[in-house]
Amino acid sequence: MKHVTPEVFLISAPKIDYEALSAYLAEVGGEPWAKRLDPDAADGQNLVEFAGRTCYRSWAPGLNPNVSRVRTDQTQYLQNILSSAHGSVLEHANFTFVLHNVSRVLTHELVRHRAGVAVSQESLRFVRLDELPFWFPSWALQDEELMSRAINILTILEEFQEWMGEHFGLDVEGTKFHEKKEKTSFMRRFAPEGVATGIVMTGNIRALRHVIEARTAPGAEEEIRLVFDKVGQLMLQEAPALFSDYEVIEGAWVPKWRKV
Ligand SMILES: Cc1cc2nc3c(=O)[nH]c(=O)nc-3n(C[C@H](O)[C@H](O)[C@H](O)COP(=O)(O)OP(=O)(O)OC[C@H]3O[C@@H](n4cnc5c(N)ncnc54)[C@H](O)[C@@H]3O)c2cc1C
């Protein structure tokens, strides 16, 4: 067995084509807003603000005769979206994470989130387990007898995986792929639920706000709390105006505005 630690990689975030955006804004009189945009602001925030302003044509006062004043500060604008629960505009900004070395305990819980989330999970029907990567929380690592018994069990399970691979002749030249798939699928039944694997998760900001809150809550599972704390930290960097309303209380991300 191999000791591993869950890791989170943010591999994709929104990227605006500012030339195309400017061309559109020139059509609708939105240049004043384009000029105000902070060139260093993350595209996720700019995209959400763009979507929000499109709704009311609030690029500048008077473009919509019903709008005589507009907010000019992006943080204030975005926080007004959160406080008024106009959260559908947050759905335009999607972020993709790789959750690496996370257990099947975690992935099984994660895939329950449906709204605004996409997942692609490593298939243990296709990918053969030649070792059993496993994460232990620090309190478990400190318990000598627990660790000794746990490692014994994992070693036996790992040896059984190796034995089955040989017994089924999976590496014998000419073994058909469907045969490998069938046996690999059987073999995974003898892997523990804590075996570390990987999952790609894409979520829009509205969904991420909800999942970060739910999965760092005090009643949530230890590993998923750890992983979604990392997701929260990354989102705080990517879109500070849309994640800085959280107060982190003993690891729980508690938002000022829920279910936006
Ligand atoms: C601490 C904790 C303990 C849990 N324990 C258990 C357990 O013991 N057993 C168990 O089975 N599950 C358990 N779950 C999973 C939980 O029941 C949900 O399935 C999971 O959190 C997905 O969240 P969600 O329902 O908010 O869905 P999401 O897909 O994240 O949806 C986000 C929001 O969109 C809305 N929405 C989504 N889909 C629909 C829909 N079809 N209709 C109407 N509105 C919708 C809801 O407002 C929802 O909250 C637990 C979750 C947590 C966080």
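Below or above, wherever it landed, is the structure these notes cover. (Residues numbered from 1 in each chain as written. Predicted model: local features only at pLDDT ≥ 70, side-chain atom pairs only at ≥ 80, totals over all residues. Heavy atoms only, no water.)

**Description of the overall build of the protein chain**
Here comes step 1: Within the protein chain, the secondary structure is distributed over eleven helices and eight strands.
Here comes step 2: A compact globule built from 260 residues should have a C-alpha radius of gyration of about 18 Å, whereas the protein chain, at 24 Å, is more than 25% larger.
Here comes step 3: Along the first, second and third principal axes, the C-alpha atoms of the protein chain reach 75 × 45 × 25 Å.
Here comes step 4: Scored against the burial criterion, the 260 residues of the protein chain give a buried share of 42%.
Here comes step 5: Considering only intrachain contacts with a sequence separation of at least 6, the fraction spanning at least 24 residues in the protein chain is 77%.
Here comes step 6: For the protein chain, the exposed surface amounts to about 14400 Å²; the carbon and sulfur share of it is 51%.
Here comes step 7: Separation between the mean location of the 28 positive side-chain charges and that of the 36 negative ones in the protein chain comes to 9 Å. (Helix = DSSP H or I, 4+ residues; strand = E, 2+ residues; numbered from the N terminus. Rg over C-alpha atoms; globule rule 2.2 N^0.38 Å. Buried < 20%, exposed > 50% of the residue type's maximum accessible area, 1.4 Å probe, protein only. Contact = heavy atoms within 4.5 Å. Areas by Shrake-Rupley, 256 points an atom, 1.4 Å probe, with all protein chains shown as cover. Lys, Arg positive; Asp, Glu negative; His and termini not counted. Charge placed at Lys NZ, Arg CZ, Asp CG, Glu CD.)

**Regarding the site of the ligand**
Here comes step 1: Within the structure, the ligand sits among Arg112, His113, Arg114, Ala115, His210, Ala214, Arg215, Gly219, Ala220 and Lys259.
Here comes step 2: Note that an oxygen atom of the ligand is positioned 2.7 Å from one of the side-chain N or O atoms of histidine 113.
Here comes step 3: Within the backbone of alanine 115, an N or O atom sits 2.8 Å from an oxygen atom of the ligand.
Here comes step 4: Its free accessible area being 930 Å², the ligand has 46% of it covered by the protein chains. (Near = heavy atom within 4 Å. Polar contact = N/O pair within 3.5 Å; in protein donor to acceptor, adjacent residues only side chain to side chain.)

**Considerations on the packing of helix α3 (residues 43-56) against helix α4 (residues 74-83)**
Here comes step 1: Orientation of α3 relative to α4, taken along the N-to-C sense of each, is 65 degrees, at an axis distance of 10 Å. Between α3 and α4 lies a crossing of left-handed hand. Only Gln74, Tyr77, Leu78 and Ile81 of α4 make contact with α3, whose side of the interface consists of Gln45, Asn46, Val48, Glu49, Gly52 and Arg53.
Here comes step 2: Its residues placed into classes, the contact of α3 with α4 shows four nonpolar, four polar and two charged. (Axes fitted to C-alpha atoms, helices over the stretch in contact; angles between N-to-C directions. Left-handed = near helix turned anticlockwise from the far one by under 90°. Nonpolar A, V, L, I, M, F, W, Y, C, P; charged D, E, K, R; others polar.)

**Regarding the side chain of aspartate 43**
Here comes step 1: Looking at where aspartate 43 falls in the secondary structure, it is placed in helix α3.
Here comes step 2: Here aspartate 43 is buried and forms no salt bridge, its nearest opposite-charge partner lysine 15 lying at an N-O distance of 5.2 Å. (Salt bridge = Lys/Arg side-chain N within 4 Å of Asp/Glu carboxyl O.)

**Comments concerning a negative patch on the surface**
Here comes step 1: Together, Asp130, Glu159, Glu162 and Glu166 line one region of the surface with negative charge.
Here comes step 2: Here glutamate 162 shows up in helix α7 (residues 144-167).
Here comes step 3: For glutamate 162, a relative accessible area of 43% corresponds to the partly exposed category. (Patch = residues over 30% accessible without salt bridge, like charges linked within 9 Å, V, L, I, M, F, W, Y side chains within 5 Å.)

**Some points on the sheet that holds strand β2 (residues 7-12)**
Here comes step 1: Strands sit in the order β2-β3-β6-β4 across an open sheet of four strands; the sheet is antiparallel. Single-partner strands in this sheet number two, and they are β2 and β4 (117-121). Ignoring which end each strand starts from, the neighbouring axes of this sheet average 20 degrees apart.
Here comes step 2: Relative to strand β6 (residues 196-204), β4 is paired through five bridges, and the arrangement is antiparallel. Residue serine 120 lies in a different strand from β6, and its bridge partner there is valine 200.
Here comes step 3: On the sheet, helix α10 (residues 222-238) packs against β2, β3 (94-103) and β6 and is oriented at approximately 150 degrees with respect to β3. (Pairing = 2+ DSSP bridges.)

**A closer look at the packing of aromatic side chains**
Here comes step 1: Inspection of the entire model under this criterion finds twelve aromatic pairs.
Here comes step 2: Relative to phenylalanine 50, the ring of tyrosine 24 has its centre 5.9 Å away and its plane inclined at 80 degrees; by these criteria the two rings are edge-to-face. Here tyrosine 24 is found in helix α1 (residues 18-28), whereas its partner phenylalanine 50 is found in helix α3, with 26 residues between them in sequence.
Here comes step 3: A relative accessible area of 34% places tyrosine 24 in the partly exposed class.
Here comes step 4: A centroid spacing of 6.1 Å and a plane angle of 40 degrees characterise the contact between tryptophan 33 and phenylalanine 50, whose relative ring orientation is tilted. With tryptophan 33 in helix α2 (residues 31-36) and phenylalanine 50 in helix α3, the pair connects residues that are 17 residues apart, well separated along the chain.
Here comes step 5: The buried category is assigned to tryptophan 33, whose relative accessible area is 1%.
Here comes step 6: Ring pairing ties together the aromatic residues Phe160, Trp163, Phe168, Phe186 and Phe190, which thus form one cluster.
Here comes step 7: Over the aromatic face of tyrosine 77 sits the side chain of arginine 53, whose NZ or CZ is 4.1 Å from the ring centroid.
Here comes step 8: Across the ring face of phenylalanine 168, the terminal group of lysine 183 is positioned such that the distance to the ring centre comes to 5.4 Å. (Phe/Tyr/Trp six-rings, centres within 6.5 Å; stacked < 30°, edge-to-face > 60°. Lys NZ or Arg CZ within 6 Å of the ring centre and 35° of its normal.)

Bear in mind that shape data such as this cannot, by itself, settle questions of function.
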